[in-house]
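# Results of the structural survey
What follows is the residue order along each chain.
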Amino acid sequence: RLGGRRVIGRGTTDGKGRIRARFTAPRYRGTRGTREVTLSVSDGSRVATTTFRLSPLSASFSPRSGNPASLRVRWRVLGLGPRRGVYVHYLDPKGRHRRTVRIGTSDRVCGALKTGPIALFPFRWSYGTWTLQIDGARRFSPRTRPRLEITFAITREGASLAATRRRAAPRG
């Protein structure tokens, strides 16, 4: 049972009472923090339980505007998994992959990463709307899951986060 209510499957144990099973974690409802969920297994008379944490898949940086030539931002990423490299893949305004930058390693159970100030564009950029794909893959692929995409518009008047297109592709 998951969360004490929903039956998620049936199975058998080996001679030592061990059980091995896979299940799909429930969808995270909400946008912040972590949620603890209880998983229990019963043979009818005895019950064994364990807990695990769920977290939303999110990525953001601040400040959200400034001169792209000198803009230094602090990244916050959550939900990619523990002890994984976190990468930003830059897609130029024409949709071509331009560069991949590793911004750090997630360090907590739910894959949290907070960076110090780092250059948002550590290379020569051009005007237009850039797509920044954040994920745990060293090489860029538009099919990587989980991933997040943030668009960032650079105009002659300045640069800012384009909040109109922020998408997440969940696991699985």
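Our structure's up above, just so we're on the same page.
Summary of the structure given here. (Residues numbered from 1 in each chain as written. Predicted model: local features only at pLDDT ≥ 70, side-chain atom pairs only at ≥ 80, totals over all residues. Heavy atoms only, no water.)

Another point: the pattern of salt bridges. Across all of its chains, the model carries 2 salt bridges by this definition. For Asp92, the salt bridge is made with Arg96, and the minimal N-O distance between the two is 3.1 Å. (Salt bridge = Lys/Arg side-chain N within 4 Å of Asp/Glu carboxyl O.)

On to the environment of Arg76. Here Arg76 lies in strand S5 (residues 72-78). The sequence separation of Arg76 and Gly116 amounts to 40 residues, and the corresponding C-alpha distance is 9.7 Å. Leave out the neighbours within four places in its chain, and Arg76 touches Ser58, Ala59, Ser60, Leu113 and Lys114. (Helix = DSSP H or I, 4+ residues; strand = E, 2+ residues; numbered from the N terminus. Contact = heavy atoms within 4.5 Å.)

Okay, the layout of surface pockets next. The computed volume of the second largest pocket comes to approximately 670 Å³. For the second largest pocket, the lining is made up of 22 residues, of which Gly9, Ile19, Ser40, Val41 and Ser42 are closest to its centre. Of all the secondary structure elements, the ones that give two or more residues to the lining of the second largest pocket are strand S1 (35-42) and strand S2 (47-54). For the lining of the second largest pocket, the element with the most residues is S1, which contributes 4 residues. A class-by-class count of the residues in the lining of the second largest pocket yields 9 nonpolar, 7 polar and 6 charged. (1 Å grid on protein atoms, 1.4 Å probe; cavity = no way out; pocket = protein on both sides within 12 Å on 5 of 7 lines; lining within 4 Å. Points joined across faces, edges and corners; volume = space filled by probe spheres on them. Nonpolar A, V, L, I, M, F, W, Y, C, P; charged D, E, K, R; others polar.)

By the element assignment, Tyr87 lies in strand S6 (residues 85-91). Each C-alpha atom of the pair Tyr87 and Gln133 lies 8.0 Å from the other, and the pair is 46 residues apart in sequence. Apart from the residues lying within four places of it in its own chain, the contact partners of Tyr87 are Thr100, Val101, Arg102, Gln133, Ile134, Asp135, Gly136, Ala137 and Arg138. There is a polar contact of 3.1 Å between the side chain of Tyr87 and the side chain of Arg102. (Polar contact = N/O pair within 3.5 Å; in protein donor to acceptor, adjacent residues only side chain to side chain.)

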